[in-house]
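Chain residues, written in single-letter form:
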Amino acid sequence: MQKYILIIGACGQIGTELTLALRQMHGGAHVIASDIREGSENLMETGPFEILDATDYDALEEVIAYYEINEVYLMAAMLSATAEKFPMRAWNLNMNTLFNVLNLAKDKKIDKVFWPSSIAVFGPNTPENSTPQNTIMEPTTVYGISKQSGERWCNYYHNKYGVDVRSIRYPGLISWKTMPGGGTTDYAVEIYHKALSEQKYTCFLEADTELPMMFMDDAIRATLELMNTEPENIKIRSSYNLAAMSFNPAQIAEIIKKYIKDFEISYEPDFRQAIADTWPNSIDDSQAQNDWGWKPKFDLEKTTEEMLNNLATN
Ligand code: AKB
């Protein structure tokens, strides 16, 4: 059977790179990008694109039927910082898109679903170092509450209806092709842009706020590895912990200084500090390692080299 894949939220930070990677693997015509607005030139030129609001069930169903889609990656979401400003919009977007996709899978209109969760599912009562896969989860942010609820629904649809839904709790993601938007971990991307353009950066988190992070190439590889593993390897149908590195703003600034000697960082924490304070410092991802062989390739040094080289030349 021919495989046709739909990416919802294809123009965002993860969606863009995921679409390009999937088009490399399956050919452009087999990977349909969709979003509520058009994306980068590269994304628009390498395969089909549909303007699609995935909160609209009928519109989504129509695209799925038209392209005979069998696999959906639902990457549209409102992230942590923006969601605090628009709680109901965030809840509606994050939950209704998920229900629409899960219901299409339940009705056998698609075979397989990827849905991203986040370290935001954890909260202030969670053990903050090497946070285990199964632990106390009491998120205090709108985004975290939507992701934790989403995890429970994924697990429910798998157990009750046999839906093949797979998920990862992404840490903060660092990439150079597309900017993140509205997250608390966004500082770890902005800092590289400002280091190159202005040799200085004012960070919205405190110097010692340690958070789990990952370079985008690792995140894309993890996503594709999880989606391509045999179903019997997948023991968790809520969402997998995933880790690569952990650092704080002072540590990333130190590494950038090795490449840009005059770089200076200052700190003006804002409302995002309170969000970051409820999230783990580091994640235990041994279950992902054991179940489907996860292993990261990029540490902070390698990520910094990639970010500065690519941003300077692209
Ligand atoms: C955010 O900061 O909101 C996201 C996330 C950790 O899910 N990057």
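I will try to describe carefully the structure that is included in this document. (Residues numbered from 1 in each chain as written. Predicted model: local features only at pLDDT ≥ 70, side-chain atom pairs only at ≥ 80, totals over all residues. Heavy atoms only, no water.)

## Describing the sheet that holds strand E4 (residues 71-74)
- Reading across the sheet, the 7 strands line up as E3-E2-E1-E4-E5-E6-E10 and stay open at both edges, with parallel pairing between neighbours. The open sheet has two edge strands, strand E3 (49-51) and strand E10 (240-241), and neither has a second partner.
- Across 3 bridges, the pairing between E4 and strand E5 (residues 112-118) is parallel. Within E5, the position partnered with Glu71 by the bridge is Lys112.
- The sheet strands contacting helix H6 (residues 142-161) are E5 and strand E6 (164-170), and the helix crosses E5 at an angle near 150 degrees.
- Docked against the sheet, helix H8 (residues 216-228) engages E4, E5, E6 and E10, running at close to 155 degrees with respect to E6. (Pairing = 2+ DSSP bridges. Helix = DSSP H or I, 4+ residues; strand = E, 2+ residues; numbered from the N terminus. Contact = heavy atoms within 4.5 Å. Axes fitted to C-alpha atoms, helices over the stretch in contact; angles between N-to-C directions.)

## Brief notes about the sheet that holds strand E11 (residues 245-247)
- Spatially, the 3 strands line up as an open sheet ordered E7-E9-E11, and their pairing is mixed. Looking at strand neighbours, the two that pair on one side only are strand E7 (172-174) and E11, the edges of this open sheet. Averaged over all neighbouring strand pairs, the angle between strand axes comes to 45 degrees, with direction disregarded.
- Here E7 runs beside strand E9 (residues 211-215); their pairing, made up of 3 bridges, is parallel. The residue of E9 that forms the bridge with Ile174 is Phe215.
- Here helix H7 (residues 187-198) sits on the sheet in contact with E7, E9 and E11, set at roughly 25 degrees to E7.

## Section: the site of the ligand
- Taken together, Leu79, Ser80, Ser118, Ile119, Tyr143, Gly183, Thr184, Thr185 and Trp279 make up all the residues around the ligand.
- Here an oxygen atom of the ligand and a backbone polar atom of Thr184 are 2.7 Å apart.
- Here Thr185 contributes a side-chain N or O atom positioned 2.9 Å from a nitrogen atom of the ligand.
- Out of a free accessible area of 250 Å², the ligand has 92% covered by protein chains.
- Two domains each put at least three residues into the shell around the ligand: domain 1 (5-170 + 217-241) and domain 2 (173-213 + 244-313). (Near = heavy atom within 4 Å. Polar contact = N/O pair within 3.5 Å; in protein donor to acceptor, adjacent residues only side chain to side chain. Areas by Shrake-Rupley, 256 points an atom, 1.4 Å probe, with all protein chains shown as cover. Domains from an automatic or database assignment.)

## Structural notes on H7
- Looking at H7, one finds that the buried residues are Tyr187, Ala188, Val189, Ile191, Tyr192 and Ala195.
- Once H7 finishes, Gln199 follows within two positions and takes phi at roughly 60 degrees, a positive value. (Buried < 20%, exposed > 50% of the residue type's maximum accessible area, 1.4 Å probe, protein only.)

## Considerations on the packing of aromatic side chains
- Considering all chains together, one arrives at 13 aromatic pairs under this definition.
- On the numbers, 4.9 Å between centres and 85 degrees between planes, the contact of Tyr66 with Tyr67 is edge-to-face.
- For the ring pair Phe215 and Phe298, a centre distance of 4.6 Å and an interplane angle of 50 degrees mean the geometry is tilted. With Phe215 in strand E9 and Phe298 in the loop between helix H11 (286-292) and helix H12 (300-313), this residue pair connects regions lying 83 residues apart in the sequence.
- Connected via pairs of aromatic rings, a cluster forms that spans Phe99, Trp153, Tyr156, Tyr157 and Tyr161.
- Note that Arg272 overlies the ring of Phe204, its terminal NZ or CZ placed 3.5 Å from the centroid.
- Over the ring of Phe298 we find Lys302; its NZ or CZ atom is 4.5 Å from the centre of that ring. (Phe/Tyr/Trp six-rings, centres within 6.5 Å; stacked < 30°, edge-to-face > 60°. Lys NZ or Arg CZ within 6 Å of the ring centre and 35° of its normal.)

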